[in-house]
Amino acid sequence: MVDPSGYSLHGLKNYKTFFQVLRSFIAFFYCHESSGLTFRLVYDWARNSIRVSWNAVLIPKIGGIKNKVFVDGISTYEVDRGTGMITKHTVDRLLLNDKPVLAPKGIFYAVTNDLVPVVPGIPSGPIYSRSPRR
């Protein structure tokens, strides 16, 4: 898998692990019932590839519909002519709330940093409090 920033994953195990982590991450922060995914799939006979344009609307569990996140992308899957197996997945275009995700940020950065919902008034990190000793 290669994202728009040029960062890549190699091997089926790493590919499966990344998408398993991505699904778990989304399930933790976003409401499955309210969120949605639409896609359009086209097979390109000349290039022997599958092209998928996809759009996701993610509704945070905290903050609700007013803080929804839009993720749009185009994925190209290269197919081996002999075996029919997919040999490469490239994310050609990735938009997060209508803004391109570019180098050095890519899909892997977006997953770990930009997709975490931030709701005003709710702490986003640990808060440490220490009562004074007497």
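For the structure given in this document, a descriptive report is provided here.

Rules of the game
- Residues numbered from 1 in each chain as written.
- Predicted model: local features only at pLDDT ≥ 70, side-chain atom pairs only at ≥ 80, totals over all residues.
- Heavy atoms only, no water.
- Helix = DSSP H or I, 4+ residues; strand = E, 2+ residues; numbered from the N terminus.
- Buried < 20%, exposed > 50% of the residue type's maximum accessible area, 1.4 Å probe, protein only.
- Core = buried A, V, L, I, M, F, W, Y, C linked by side-chain atoms within 4.5 Å.
- Contact = heavy atoms within 4.5 Å.
- Polar contact = N/O pair within 3.5 Å; in protein donor to acceptor, adjacent residues only side chain to side chain.
- Phe/Tyr/Trp six-rings, centres within 6.5 Å; stacked < 30°, edge-to-face > 60°.

### Observations concerning unusual backbone geometry
Turning to step 1, where the next piece is worked out: Of note in this structure, Asn 97 is not a glycine but carries a positive phi near 55°.
Turning to step 2, where the next piece is worked out: Within the secondary structure, Asn 97 is located in the loop between β4 (86-96) and β5 (99-100).
Turning to step 3, where the next piece is worked out: Overall, Asn 97 belongs to the partly exposed group, its relative accessible area being 37%.
Turning to step 4, where the next piece is worked out: If you check the backbone angles, Asp 98 has positive phi at about 65° while not being a glycine.
Turning to step 5, where the next piece is worked out: Considering the arrangement of structural elements, one finds Asp 98 in the loop between β4 and β5.

### Details of the nonpolar core
Turning to step 1, where the next piece is worked out: Within the largest apolar cluster, 16 residues are counted, with the highest numbers of intra-cluster contacts made by Val 69, Val 71 and Leu 94.
Turning to step 2, where the next piece is worked out: It is strand β2 (residues 49-58) that contributes the most residues to this core, four residues altogether.

### Structural notes on the environment of Phe 28
Turning to step 1, where the next piece is worked out: Tracing the backbone shows Phe 28 in helix α1 (residues 12-29).
Turning to step 2, where the next piece is worked out: Judged by its relative accessible area of 60%, Phe 28 is exposed.
Turning to step 3, where the next piece is worked out: Sequence separation between Phe 28 and Pro 60 is 32 residues; the distance between their C-alpha atoms is 9.2 Å.

### A few points about the environment of Tyr 43
Turning to step 1, where the next piece is worked out: Tracing the backbone through its elements, the reader meets Tyr 43 in strand β1 (residues 36-44).
Turning to step 2, where the next piece is worked out: In sequence terms Tyr 43 and Thr 76 are 33 residues apart; their C-alpha atoms lie 9.7 Å from each other.
Turning to step 3, where the next piece is worked out: With residues near it in sequence (within four places) discarded, Tyr 43 still touches Asn 48, Ser 49, Ile 50 and Val 79.
Turning to step 4, where the next piece is worked out: Polar contacts involving the side chain of Tyr 43 include one to the side chain of Asn 48, which spans 2.3 Å.

### Comments concerning the packing of aromatic side chains
Turning to step 1, where the next piece is worked out: Evaluated as defined, the whole model comprises five aromatic pairs.
Turning to step 2, where the next piece is worked out: Between Phe 28 and Phe 29 the ring centres are 4.9 Å apart and the planes differ by 90°, which places this aromatic pair in the edge-to-face class.
Turning to step 3, where the next piece is worked out: Clustering of aromatic rings is evident, with ring pairs tying together Tyr 15, Phe 18 and Phe 19.

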